[in-house]
Amino acid sequence: MAAKKQESNNKSNKRKQNADAKANTDSSFSKRPKLAVSKSENNQVKKPFKPFKKQNFSKFKSQPGEEKTTPLSKRERRIHAKELTEARKKRRKQHYTLEHELARLWEKMRQRNIAKEERSKIISEAILKMKGKIPEIASSHVSSRVLQTCVKYCTQAERDTVFDELKPHYLTFATNKYAIHLVMKMLDNASKKQLADFISSLRGHAASLLRHTVGSIVIEHAYQLGNAAQKQELLMELYSTELQLFKDLSSMKESRLSDVILKLNLQKGSVLRHMASVIQPILEKGIVDHSIIHRVLIEYLSIAGKTSAAEIIQQLSGPLLVRMIHTKDGSQIGILCVKHGSAKERKKIVKGLKGTVGKTAHFQYGSLVLACIVSTIDDTKLVTKAVIRELQSILKELVLDKNGRRPLLQLLNPNCTRYFSPDEMASLSLSISSLNAMQGELEINSETKPLKHEESSVKDNNGREVTMEKPDDSTSPETLQLIEGGKKDPSIRRQELLVGSGLAENLIDICIENAGELLRSNFGKEVLYEVATGGSGGILQETLGDKLNTLHEAIATLAAKSKSEESDKDHVLENFHSSRTIRKLVFESSMFATTLWKKALKGKCEQWTQGHSVKVICAFLESSDAKVRKLAKEELQPLIDSGTLKLPEKRQPANEG
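Just so you know, the residues in each chain are numbered from 1, in the order the chain's sequence is written. With the structure being a predicted model, the display of local features is reserved for residues of pLDDT at least 70 and the display and counting of side-chain atom pairs for 80 or more, all residues being used for whole-chain, interface and lining totals. To obtain the side-chain values, all non-hydrogen atoms of the structure were used and water was disregarded.

Chemist: Any chance you could explain the overall build of the chain here in plain terms?
Modeler: Each helix corresponds to a stretch of at least 4 residues labelled H or I by DSSP, and each strand to a stretch of at least 2 residues labelled E; elements are numbered beginning at the N terminus. Within the chain one finds 41 helices and two strands. When accessible area is computed with a 1.4 Å probe and restricted to protein chains, residues below 20% of their type maximum are described as buried, those above 50% as exposed, and intermediate ones as partly exposed. Within the chain, buried positions represent 43% of all 657 residues. Taking the intrachain contacts of the chain between residues at least 6 apart in sequence as the baseline, contacts between residues at least 24 apart amount to 70%. When the accessible surface of the chain is summed, it comes to about 36900 Å², and 51% of that surface belongs to carbon and sulfur atoms. Residues count as neighbours in contact if any of their non-hydrogen atoms are within 4.5 Å of one another. Note that accessible areas follow from Shrake-Rupley with a 1.4 Å probe, and for residues the cover is restricted to the protein chains shown.

Chemist: Would you take a moment to explain the packing of helix 8 (residues 141–153) against helix 11 (residues 179–188) for this structure?
Modeler: Axis definition: a line fitted to C-alpha atoms, limited for helices to the stretch in contact. Angles are taken between N-to-C directions and run from 0 to 180 degrees. Packing of helix 8 against helix 11 leaves a shortest axis separation of 9 Å and a crossing angle of 5 degrees. Taken together, helix 8 and helix 11 sit at an angle that is classed as roughly parallel. Together, Ser144, Leu147, Gln148, Val151 and Lys152 of helix 8 and Ala179, His181, Leu182, Lys185 and Met186 of helix 11 make up the contact between the two elements. When grouped by side-chain class, the residues that make up the contact of helix 8 with helix 11 number five nonpolar, three polar and two charged. Geometric relationships in this document are graded by angle, where less than 35 degrees denotes roughly parallel, more than 145 denotes roughly antiparallel, 65 to 115 denotes roughly perpendicular, and other angles denote oblique. Gly counts as polar in this scheme, as do all residues outside two lists: the nonpolar Ala, Val, Leu, Ile, Met, Phe, Trp, Tyr, Cys and Pro, and the charged Asp, Glu, Lys and Arg.

Chemist: Could you clarify how one ought to interpret the packing of aromatic side chains in this entry?
Modeler: Ring pairs (aromatic) are described by centroid distance and by the angle formed between their planes. Aromatic contacts are taken between Phe, Tyr and Trp rings whose centres are within 6.5 Å, Trp giving its six-membered ring; a plane angle under 30 degrees counts as stacked, one over 60 as edge-to-face, and the others as tilted. Per the counting criterion, the structure on display carries three aromatic pairs. Between Tyr170 and Phe198, the aromatic rings sit 4.9 Å apart at their centres with planes inclined by 70 degrees, giving edge-to-face as the arrangement. Of the two residues, Tyr170 sits in helix 10 (residues 170–174) while Phe198 sits in helix 12 (residues 192–201), which places them 28 residues apart along the sequence. Relative accessible area serves as the criterion here: at 1%, Phe198 is assigned to the buried category. When the ring centre of Trp106 is taken as reference, the NZ or CZ atom of Arg110 above it lies at 4.4 Å. A ring is considered to have a charge above it if a Lys NZ or an Arg CZ atom is located within 6 Å of its centre and within 35 degrees of its normal. Over the aromatic face of Tyr223 sits the side chain of Lys231, whose NZ or CZ is 5.3 Å from the ring centroid.

Chemist: Can you help me understand the side chain of Ser579 in this one?
Modeler: Take Ser579: it is sitting in helix 38 (residues 576–588). The term polar contact refers here to a pair of N or O atoms within 3.5 Å; inside protein, the definition further demands a hydrogen-donor-capable atom paired with an acceptor-capable atom, and it admits residues adjacent in sequence only when both atoms are side-chain atoms. A distance of 2.7 Å separates a polar side-chain atom of Ser579 from the backbone oxygen of Asn575. For Ser579, the contacting residues outside a window of four places in its chain are Val572, Leu573, His612 and Val616.

Chemist: Where do I start with the UniProt feature "repeat: Pumilio" (unreviewed entry) in the chain in this structure?
Modeler: UniProt positions are given in the numbering used here, feature names are shortened, and annotations may be inferred rather than shown by experiment. UniProt marks residues 129–164, 165–200 and 201–237 with the feature "repeat: Pumilio" (unreviewed entry), using the numbering shown here. Summarising residues 165–200: 72% helix, 0% strand, and an end-to-end C-alpha distance of 17 Å.

Chemist: Can you walk me through unusual backbone geometry in this structure?
Modeler: Most peptide bonds take the trans form, and the phi angle of most residues other than glycine is negative. A positive phi is found at Asn265, a non-glycine position, where the angle reads about 55 degrees. Counting through the fold element by element, Asn265 comes out in the loop between helix 18 (257–264) and helix 19 (268–285). Backbone geometry at Asn415 places phi at a positive 50 degrees, although glycine is not the residue there. Within the secondary structure, Asn415 is located in the loop between helix 29 (406–412) and helix 30 (422–428). A relative accessible area of 42% places Asn415 in the partly exposed class.

Chemist: Is there a simple way to explain a positive patch on the surface in this structure?
Modeler: In this analysis, a patch consists of residues with relative accessible area above 30% that form no salt bridge, clustered at 9 Å for like charges and at 5 Å for the nonpolar side chains Val, Leu, Ile, Met, Phe, Trp and Tyr. Whenever Lys or Arg places a side-chain nitrogen within 4 Å of a carboxyl oxygen from Asp or Glu, that contact is recorded as a salt bridge. Only four residue types enter the charge count, namely Lys and Arg as positive and Asp and Glu as negative; His and the chain termini do not. Positions of charges follow a simple convention, taking NZ of Lys, CZ of Arg, CG of Asp or CD of Glu. A cluster of like positive charges, contributed by Lys74, Arg75, Arg77 and Arg78, occupies part of the molecular surface. Relative to the assigned elements, Lys74 resides in helix 4 (residues 74–92). Residue class for Lys74 comes out exposed when judged on its relative accessible area of 63%.

Chemist: Got a minute to help me understand the confidence of the model for the chain in this structure?
Modeler: Residues shown with low pLDDT carry predicted positions that ought not to be read at fine detail. Note on scores: pLDDT gives the predictor's confidence for each residue, bounded by 0 and 100. Summing up the model confidence of the chain, the mean pLDDT is 81 and the portion of residues at 70 or higher is 78%. Every residue in residues 52–62 is under pLDDT 50, and counting partners more than four places away or in other chains gives one contact. Low confidence marks residues 442–484, where pLDDT is under 50. Its contacts with residues over four positions away, or in another chain, come to 61 contacts.

Chemist: For this particular structure, what's the right way to read helix 37 (residues 541–560)?
Modeler: Expected helix span is computed as 1.5 Å times (number of residues minus one). With 20 residues, helix 37 ought to run about 28 Å at 1.5 Å a step, yet its terminal C-alpha atoms sit only 25 Å apart, falling short of that. If you look at helix 37, its biggest bend is around 40 degrees, right at Lys547. By the burial criterion, the buried members of helix 37 are Leu544, Gly545, Leu548, Leu551, His552, Ala554, Ile555, Ala556, Leu558 and Ala559. Where helix 37 is buried, its residues contact helix 34 (503–513), helix 35 (515–520), helix 36 (524–532), helix 38 and helix 39 (590–601). A residue's bend is the angle separating two fitted axes: one through the seven residues that end there, the other through the seven that start there.

Structure follows, in structure tokens:
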């Protein structure tokens, strides 16, 4: 080594001397030919060529006395690579061998055709092997699956053993993409005490877990499984830091945030700031699928000011809202966004629904949002293009579906209590108190021209006290229309969406083609009834009167068939659902009653005096229309006198004149 260093120092000294010599020759002998100088310098500086690569490869050349190595085949190379991989995994994973053994046992225990005794034996063996090591192997994608199967089929004592080992590590596993499935399986099979222990362990960490993509799934699962008190416990710490720190404060009967603030005398501003710090990161990450988040948002909007509520609506208006409307609270948020959003925000909501309208219509709560859209948004061209066109493509399916028919019924007969429950009607009429005064309010300088408002306090469907501001006499009519949801007249909006879009004509065609099926259907009969009567206010009579007459004749034709012709199914006059629908049509439409009598019942009433068909016959005598009563009285009165036809006790024929 010393010799090499000395040699390198000598070489560097030579380079310096050559450089000095070159400088001297240039200065003293400037007239010499430069080529001669450069040639001499090159001879001095030039290094001998050293075949470095040849020297390196010469080391690997076989010597005369050594044997030559034969190349490995493909199979041998594969086996060798597999062995290296196995060795590397063994060095890296502490329980690699154990996982292999558990995987072999798992293949046996998860079979469906295995005997219970044999499965129990295999599960006991697997749990015995894992005992004391469960927290270490639960995060593995293999061991996690084994543990899930064990928890599902093991005895309660074995399940308790696994639960006790996992108990100190709940929070760690709640954010692991493999262990989360084990945690959820444990919660599904947990006892009441174990579930309560798990929810208690989440205390103080609910907000941070909701911001985590994986952890939020665990919180939602626990929220769904918990009782009312446990749900309240999870929600409380999202409302305020005080409720998060002191457990006694969160265990109270009041479930509404406004009631909690009043009882505990909390500062509303502090609560709003804390909730905003919880909600904003969740919305930014797009974690909006969970019902617990929907509950928090509803409570936030119930106490938020104008600016805060408007910001939340602006953030949610769009594709995010589509992922929320599958829950009750989520649908209420959707309705609030549609009602209080600007024209631009409403357009985003409708465009966000593109391609999912049919699926949304089949949801119990999603159908309410669609009903709100068709009865609120003034841009009927946009709604027709994005919503009505998709509904038309699956019209028959929607008519026969319990939830799918609701947007159609909302257009045919708006806000009818026959088709919407009291809770659903309350959801459709829900509003944000802080935005009611702002929406449509003209901006006037408060210093020069202050406005006075009268306040009234009402309660919405959830028991929350909502403060509404009544505008004074100076408020313009346009402002009042804006507060109701839009400038356009509701009847004009209905006409454009129902008749102008061609939806009504398609509905009548569906009813004509499938009259028998719809009449006998529990849900389709109501759509057919509304269409046959021309809709609320006779909206279909003016432009589609001829088509409605065709529908009446189609129903009368079915009623005119003899019992023998429809032996495979109930006659429409004897079927429970269809007989009641036809009876209602006789009461509601004199045109239909006339058509039905002349085409199906005249001269044949005696054969329909038994069963459900009696209700249809008696409807002619109970009708409020004198012409309808007169039409049937001549034939039915002899049947009444002879006792063949018995009228209901509470109903007698209406007096003529």
